[in-house]
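Structural overview for review
Below are the chains, spelled out letter by letter.
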Amino acid sequence: MSPTVSARAAATPPGHVEGSGSRPGDVVGGYRVDAVLKVRGCAAVYRATGGVEFAGEGTSAAGGVVAVKTLCLAAPQSARRRADNESSVLRSLAGLSCVPSVVSSGVDGAQRFLAIEWRPGRSLRSVSRACADGGWDAVDAAFRSVALPVVRSVGRLHERGVAHGDLSRVNLVVTDAGDVSILDFESSVRLGEPATGRLRRKTTWAYAPPEFARERDGIAPSIEADQYALAAILYRQLTRRRHRPRPTEGVVADDLAVLDVPSRPIPARILRRYPLLDAVFARALARRSVDRFPSMDAFADALAHALGGE
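Residues numbered from 1 in each chain as written. Predicted model: local features only at pLDDT ≥ 70, side-chain atom pairs only at ≥ 80, totals over all residues. Heavy atoms only, no water.

1. Things to note about a nonpolar patch on the surface
A cluster of nonpolar side chains, Leu37, Val65 and Trp118, forms an exposed patch at the surface whose accessible area comes to about 250 Å². Residue position: Leu37 is located in strand β2 (residues 31–40). Owing to a relative accessible area of 43%, Leu37 belongs among the partly exposed residues under this scheme. (Patch = residues over 30% accessible without salt bridge, like charges linked within 9 Å, V, L, I, M, F, W, Y side chains within 5 Å. Areas by Shrake-Rupley, 256 points an atom, 1.4 Å probe, with all protein chains shown as cover. Salt bridge = Lys/Arg side-chain N within 4 Å of Asp/Glu carboxyl O. Helix = DSSP H or I, 4+ residues; strand = E, 2+ residues; numbered from the N terminus. Buried < 20%, exposed > 50% of the residue type's maximum accessible area, 1.4 Å probe, protein only.)

2. Here we look at helix α8 (residues 277–284)
What α8 keeps buried is the set Leu277, Val280, Phe281 and Ala284. Buried residues of α8 fall within an arc of 90° about the axis and therefore sit on the same side. Among the exposed residues of α8, those pointing more than 90 degrees away from its buried face are Ala279 and Ala282. (Arc of directions from axis to C-beta.)

3. Side note on the environment of Ser181
Its location among the elements puts Ser181 in strand β10 (residues 180–182). Expressed as a C-alpha distance, the spacing of Ser181 and Trp118, which sit 63 residues apart in the sequence, is 9.9 Å. With residues near it in sequence (within four places) discarded, Ser181 still touches Cys98, Arg119, Asn171, Leu172 and Val173. Looking at Ser181, its side chain comes within polar contact range of the side chain of Arg119, at 2.9 Å. (Contact = heavy atoms within 4.5 Å. Polar contact = N/O pair within 3.5 Å; in protein donor to acceptor, adjacent residues only side chain to side chain.)

4. Topic: the nonpolar core
By size, the foremost hydrophobic cluster in this structure holds 55 residues, and its most contacted members are Ile182, Phe185, Leu230, Leu277, Phe281 and Leu303. Take this core: its biggest share by element is 10 residues, from helix α4 (residues 135–159). With sequence-adjacent residues up to four places away left out, Leu303 is seen in contact with Phe143, Ala147, Leu148, Val151, Leu234, Leu277 and Val280. Within the second largest apolar cluster, 10 residues are counted, among which are Tyr31, Ala44, Tyr46 and Ala115. (Core = buried A, V, L, I, M, F, W, Y, C linked by side-chain atoms within 4.5 Å.)

5. Remarks on the sheet that holds β10
With antiparallel pairing, the 3 strands of this open sheet are ordered in space as β7-β9-β10. Sheet topology places β7 (122–123) and β10 at the edges, where each strand pairs with a single neighbour. The sheet contact formed by strand β9 (residues 172–174) and β10 spans 3 bridges and is antiparallel. Its bridge partner being in β10, Leu172 is matched across the sheet by Ile182. Relative to the sheet, α4 contacts β9 and β10, its axis offset from that of β10 by approximately 45°. (Pairing = 2+ DSSP bridges. Axes fitted to C-alpha atoms, helices over the stretch in contact; angles between N-to-C directions.)

6. Let's talk about the packing of helix α6 (residues 223–239) against α8
Direction vectors running N to C along α6 and α8 enclose 145°, while the axes themselves pass 9 Å from each other. Considering the relative orientation of α6 and α8, their crossing is left-handed. Between α6 and α8, the contacting residues are Gln227, Tyr228, Ala231, Leu234, Tyr235 and Leu238 on the first element and Leu277, Phe281 and Ala284 on the second. A per-class count over the contact of α6 with α8 returns 8 nonpolar, 1 polar and no charged. (Left-handed = near helix turned anticlockwise from the far one by under 90°. Nonpolar A, V, L, I, M, F, W, Y, C, P; charged D, E, K, R; others polar.)

7. Topic: the packing of aromatic side chains
For the structure on display, the rule yields 3 aromatic pairs. On the basis of an interplanar angle of 50° and a centroid distance of 6.4 Å, the ring pair of Phe143 and Phe281 is categorised as tilted. Taken together, the residues span a long stretch of sequence, with Phe143 in helix α4 and Phe281 in helix α8 at a distance of 138 residues. Phe281 sits in the buried class, given a relative accessible area of 2%. For the pair Phe293 and Phe299, a centre-to-centre distance of 5.6 Å together with 20° between the ring planes defines the contact as stacked. A residue is classified by how much of its surface remains accessible, and Phe293, at 8% relative accessible area, is buried. By relative accessible area, Phe299 is classed as buried at 0%. Put simply, the rings of Phe143, Tyr235 and Phe281 touch in pairs and so form one group of aromatic residues. Its guanidinium or amino end placed over the ring of Trp118, Arg47 lies 5.9 Å from that ring's centre, counting from NZ or CZ. (Phe/Tyr/Trp six-rings, centres within 6.5 Å; stacked < 30°, edge-to-face > 60°. Lys NZ or Arg CZ within 6 Å of the ring centre and 35° of its normal.)

8. Let's talk about the environment of Asp140
Looking at where Asp140 falls in the secondary structure, it is placed in helix α4. A residue is classified by how much of its surface remains accessible, and Asp140, at 8% relative accessible area, is buried. The spatial distance from the C-alpha of Asp140 to the C-alpha of Gln237 is 9.1 Å, given a sequence separation of 97 residues. Ignoring anything within four residues of it in the chain, the contact list for Asp140 reads Ile270, Arg273 and Tyr274.

Honestly, that's just the spatial picture; any functional story needs more than this.
Written out as structure tokens, the structure reads:
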């Protein structure tokens, strides 16, 4: 082994996402890694299979497929707090059909892990890409198949007292049968509970509501913010374009213009079929949160009516 490779290996602590436990076949927390799904900094997400014995506290390798999220023990405090927040919120949502269950958690070597029930299906981004070559009829059919199930599922989340705070086309997964799974709860908040320590939340700015740009002291997830984000996501599903430019970093009040209302109109051929749809999105994407629908269920009811339902 060359001196350069040796130095790099020595600088990478065991358990870091570039070290032990990060490749297919490795074992993390009793789960054998099948595929690496995402790696960013000290954090990683794997698809893995249980059944390997592990003596860690709270671990139960049940033999099924799970999503394993890992984080280096030496990760920044902000990342550790978000991981703690996700674990806590997921446990508070136990039994809600649209949210995966926590299977186990613990520490393995120099990394902590959270094993979550694996949910089959396709992300909304994948759904959109699959119909990209099928013309507007394919876009319309795909939109009708996902819009109401997704909106009502997020409404169930709110009924359980949680605002997601970082909805995107990647963390909303649907099956052909219309079952919805909501993923990634690191930035979520339990409504009505006092904050326990400062949590530096993240959000997907392509779908963030205007009020997030005004939050100089940090992002504050809410039911109204989730409604805006979900409407922005569905608007993009329908128009096949992002409804506004994605800002870079350091979004503040002076950058509010980049979080404005849709810039690409709904195609005329779609509005001829659903003439009420424009008004529904205009309300859900209102600049002021008080001008949006009073709840996700109200948004869903208006959307259903616009699409020809009751």
